[in-house]
Amino acid sequence: MKKILISGLIAGCILFVVSYGGLFLGIRFFPGLFVEYNNPLFNSDGSRDILFYMHAFIISFALSWFWDRFKGLIKGPAIMRGLEFGFVYSIIALLPVMWISFSSLDITVLTVTSWFFYGLAQAIIAGLVLAKVNP
Amino acid sequence: MNYKNTMCTLLLFFSATGFILPVQSGNGIPLKKWIISKNSSLSVNGSTNVNKFSCVIPAYDQIDTLTLGKNKTNTEVVLSGTIELRISSFDCHNSGMTKQLRKTLDEKQHPVLRIRFLSLDKMPVLTTQPEAITGFVEIEIAGVSKHFEVNYQITKNDQKDIHLLGSRDINFSDFNLVPPKKLGGMIKTKDQLSVDFQLNMKAMD
């Protein structure tokens with residue numbers, strides 16, 4: 001349990017910097033991709049900002065538990081294990097969620113695709129960290 | 001019977017001409033009445049840190065008049081009248097932006113934006129050459145009213161149409177509104193908005 005929490009915390013800190021840093025740079029250099037967020041579909045009063053910034057830790061702790069439970073099934077060097085873990089998570093969890101999101105929300109293919117690749121990148125980074133910290 | 005017919009004719013005459021006889025203010029200074037045409041428009045321009053937006057009410061859907069005259073001491077030009085614009089008429093050329101503006105302006109609680117005209121700094125000459133004038137208006141958004149000085153350009157074309165162009169920068173915060181921010185504040189709408197309106201009017205002779 002301690003191993004899960006520590007590796008989840010480490011992955012969370014790294015994901016926090018990479019995810020929000022990446023988002024900041026994306027908004028700065030590709031602003032056109034973010035115009036669609038000016039929509040009441042997305043929370044605008046700041047009341048959920050803390051939840052938004054906690055996301056990196058929520059996904060990291062969840063992936064840390066998932067990794068600890070199934071790491072024995074993923075063989076090979078750490079980099080390959082991390083990559084495979086990221087892809088497995090993306091296919092099992094992200095793809096169906098993105099599918100239902102696109103089918104039910106007024107969002108574009110570009111937005112939902114960007115969410116998929118954002119989640120995939122997060123899962124691969126978390127997988128690489130977890131494969132190193134909790135082999 | 002003849003008496004009744006004469007009375008009816010007179011009543012009809014007075015009620016009909018009452019609309020077109022020159023209107024007088026309380027101290028005898030003639031007032032000018034301008035009827036606002038339906039092709040009048042208003043636009044609100046703003047920006048976020050990812051884009052600029054321009055939201056338009058392309059056509060004024062009511063019949064209203066503006067009255068131009070002088071105050072009792074004959075020192076101030078009074079422009080009176082109110083235009084009411086439905087927030088639901090805004091079109092930002094992007095459905096998400098349109099919905100966002102309507103929500104930000106609190107359409108559900110306050111479905112109407114009002115501009116009440118108060119004064120002009122001078123009596124307009126009304127020629128084909130644009131004349132720069134300033135004046136005061138009261139703008140009511142989301143139930144909050146504020147007085148603003150507005151820069152106008154006024155012209156009258158050969159068809160005797162009067163064009164009044166007004167522009168003014170306002171802030172969301174002037175009306176106790178909070179500009180929207182998204183993704184934990186990474187996408188922010190700037191507080192400042194530029195309001196431009198064009199009133200096309202006909203003078204009531």
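Residues numbered from 1 in each chain as written. Chains lettered and ligands numbered in written order. Predicted model: local features only at pLDDT ≥ 70, side-chain atom pairs only at ≥ 80, totals over all residues.

Quick word on the overall build of chain B
What chain B contains, in helices and strands, is two helices and 12 strands. Shown N-terminal to C-terminal, the secondary structure of chain B runs as helices and strands in the order α-β-β-β-β-β-α-β-β-β-β-β-β-β. Taken over 205 residues, chain B has a buried fraction of 25%. (Helix = DSSP H or I, 4+ residues; strand = E, 2+ residues; numbered from the N terminus. Buried ≥ 20, exposed ≤ 12 C-beta atoms within 10 Å, placed from the backbone.)

Some words on the overall build of chain A
Along the backbone of chain A there are four helices and zero strands. Along chain A, helices and strands appear, N-terminal first, in the series α-α-α-α. Relative to its length of 135 residues, chain A is compact, with a C-alpha radius of gyration of 16 Å against a globular reference of 14 Å. Dimensions along the principal axes, computed over C-alpha positions, put chain A at roughly 45 × 25 × 25 Å. Relative to its 135 residues, chain A shows a buried fraction of 26%. Put simply, of all contacts in chain A between residues at least 6 apart along the chain, 86% involve residues at least 24 apart. (Rg over C-alpha atoms; globule rule 2.2 N^0.38 Å. Contact = placed C-beta atoms within 7 Å.)

What about the nonpolar core?
Looking at soluble globular proteins, one finds that nonpolar side chains tend to be buried together. Judged by nonpolar contacts, the single largest core of 36 residues is most densely connected at C55, F90, C92, L101, L164 and M201 of chain B. Among the elements that line this core, the one with the most residues is strand β12 (residues 192-204) of chain B, at five residues. Setting aside residues no more than four positions away along its own chain, M201 of chain B makes contact with W34, I35, I36, S37, L66, I162 and L164 of chain B. Counting 17 residues, the second largest nonpolar core, distinct from the first, contains F85, L94, A123 and A126 of chain A. (Core = buried A, V, L, I, M, F, W, Y, C linked by C-beta atoms within 7 Å.)

Topic: the pairing of strand β2 (residues 41-47) of chain B
Within a regular strand, side chains alternate between the sheet's two faces. Residue and element names in this part refer to chain B. Burial along β2 is one-sided: the residues L42, V44 and G46 are buried and none of S41, S43, N45 and S47 is. As paired strands, β2 and β12 are joined by five bridges and run antiparallel to one another. Considered in β12, the bridge of S41 is made with Q198. Bridging between β2 and strand β3 (residues 52-57) involves six bridges; their strand directions are antiparallel. Looking at the pairing, S43 lines up with V56 of β3. In this antiparallel pair of consecutive strands, β2 and β3, the connection spans four residues. (Pairing = 2+ DSSP bridges.)

Points about the interface of chain A and chain B
Taken together, the contact pairs 18 residues of chain A with 18 residues of chain B. Elements that contribute at least two residues to the side of chain A that touches chain B include exactly α1 (2-29) and α2 (49-70) of chain A. Grouping the amino acids of the side of chain A that touches chain B by side-chain chemistry returns 11 nonpolar, four polar and three charged. (Nonpolar A, V, L, I, M, F, W, Y, C, P; charged D, E, K, R; others polar.)

Comments concerning unusual backbone geometry
Residues and elements named next belong to chain B. One non-glycine residue with positive phi stands out, namely L126, at about 65°. With respect to the element layout, L126 can be found in the loop between β6 (112-120) and β7 (131-141). Residue class for L126 comes out partly exposed when judged on the 15 C-beta atoms lying within 10 Å of it. The residue K160 is not glycine, and still its phi comes out positive at about 65°. Mapped onto the fold, K160 is located in the loop between β8 (144-156) and β9 (161-171). On the basis of neighbour counts, which here come to 11 C-beta atoms within 10 Å, the residue K160 falls in the exposed class.

Here we look at the pairing of β9 of chain B
Residue and element names in this part refer to chain B. Where β8 lies against β9, six bridges are found, and the strand directions are antiparallel. Of the residues in β9, the one forming a bridge with T155 is H163. Turn length for the β8-β9 hairpin, with the two strands adjacent in sequence and antiparallel, is four residues, and the turn residue K160 shows positive phi of about 65°. One ladder, built from 11 bridges, connects β9 with β12; its direction is antiparallel. Within β12, the position partnered with R168 by the bridge is V195.

A word on the confidence of the model for chain B
In the predicted model, chain B carries a mean pLDDT of 86, and 85% of its residues have values of at least 70. The ipTM value of the predicted complex is 0.86, and its pTM value is 0.80. (pLDDT = per-residue confidence, 0-100.)

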